Amino acid sequence: MAKDHLPNEVGTSLVGSYSEDCFTAFVLDIAPLPADSKSSPVSFLRGVRGMKEFFEHLTKRFRKRRFYIGEWHSHPFSKPDSSDMDRSTHLRIAQDRATECAEVIMIVFGGDFEQHRHLQVSVHSRERDLVLLNPAD
Ligand SMILES: [Zn+2]
């Protein structure tokens, strides 16, 4: 999907589940790209159209075992380092009690999406602020 949208950024919500002790999150799928998303080579604003229905349907289909767990987006021909804007946006999602996701996973996908593919994975936590994780390459 990142390659298909070059030279623009793109991204969607992450769908997943948690281990019983809630310390491990499993990224299992991605939500569809909302039609009202806006992107450029250096910015991305994920839209919201259809998302409420998508997650309501997911809750029913998987009997409350799959959830919204975060967001991913691309940084075309660039490093996967999150920007200040990326961080503040994801922290706002974690703090938004309507979203019911106190630990928001952020995956930033950088490079050319062919030979060069780099990930930065972090968690934005309502309680613990930013937690950077080291992904396995
Ligand atoms: Zn970004």
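You'll find the structure just up there.
Treat the numbers as computed from the prediction; the structure is a model and nothing was measured.

### Remarks on the overall build of the protein
In terms of regular secondary structure, the protein is built from two helices and eight strands. Taken from N to C terminus, the helices and strands of the protein fall in the order β-β-β-β-α-β-α-β-β-β. Taken over C-alpha atoms, the radius of gyration comes to 15 Å for the protein, in line with the 14 Å a tight globule of 137 residues would show. By principal-axis analysis of the C-alpha atoms, the protein measures approximately 40 × 30 × 25 Å.

### Focus on the pairing of strand β8 (residues 129-133)
Buried residues are scarce in β8, accounting for zero of its five residues. Pairing of strand β7 (residues 117-125) with β8, which is carried by five bridges, proceeds in the antiparallel orientation. Residue His 124 lies in a different strand from β8, and its bridge partner there is Leu 130. The turn joining β7 and β8, which pair antiparallel and follow one another in sequence, is formed by three residues.

### Focus: the pairing of strand β1 (residues 11-18)
Both β1 and strand β5 (residues 67-76) contribute to a ladder of six bridges, which runs antiparallel. Paired with Gly 16 across the strands is Phe 67, a residue of β5.

### Details of the nonpolar core
The biggest cluster of nonpolar side chains holds 16 residues, and the ones touching the most others in it are Leu 14, Ile 69, Ile 105, Met 106, Ile 107 and Phe 109. Broken down by secondary-structure element, the contributors of at least two residues to this core are β1, β5 and β6 (103-111). Here this core takes six residues from β6, the largest share from any one element.

### Section: helix α2 (residues 84-95)
Compared with the 16 Å implied by 1.5 Å per residue over twelve residues, the 16 Å span of α2 between its first and last C-alpha is a close match. Of all the residues in α2, the buried ones are Asp 86, His 90 and Ala 94. Burial along α2 is one-sided: seen end-on, the buried residues are contained in an arc of 70 degrees. Turned more than 90 degrees from where α2 packs its buried face, Asp 84, Met 85, Ser 88 and Arg 92 sit exposed. Close packing links the buried residues of α2 with β5, β6 and β7.

### Some remarks on the environment of Lys 3
Residue placement: Lys 3 occurs in the segment before β1. The class of Lys 3 is exposed, set by 12 C-beta atoms lying within 10 Å.

Cut-off values and rules
Residues numbered from 1 in each chain as written. Predicted model: local features only at pLDDT ≥ 70, side-chain atom pairs only at ≥ 80, totals over all residues. Helix = DSSP H or I, 4+ residues; strand = E, 2+ residues; numbered from the N terminus. Rg over C-alpha atoms; globule rule 2.2 N^0.38 Å. Buried ≥ 20, exposed ≤ 12 C-beta atoms within 10 Å, placed from the backbone. Pairing = 2+ DSSP bridges. Core = buried A, V, L, I, M, F, W, Y, C linked by C-beta atoms within 7 Å. Expected span 1.5 Å × (residues − 1). Arc of directions from axis to C-beta. Contact = placed C-beta atoms within 7 Å.

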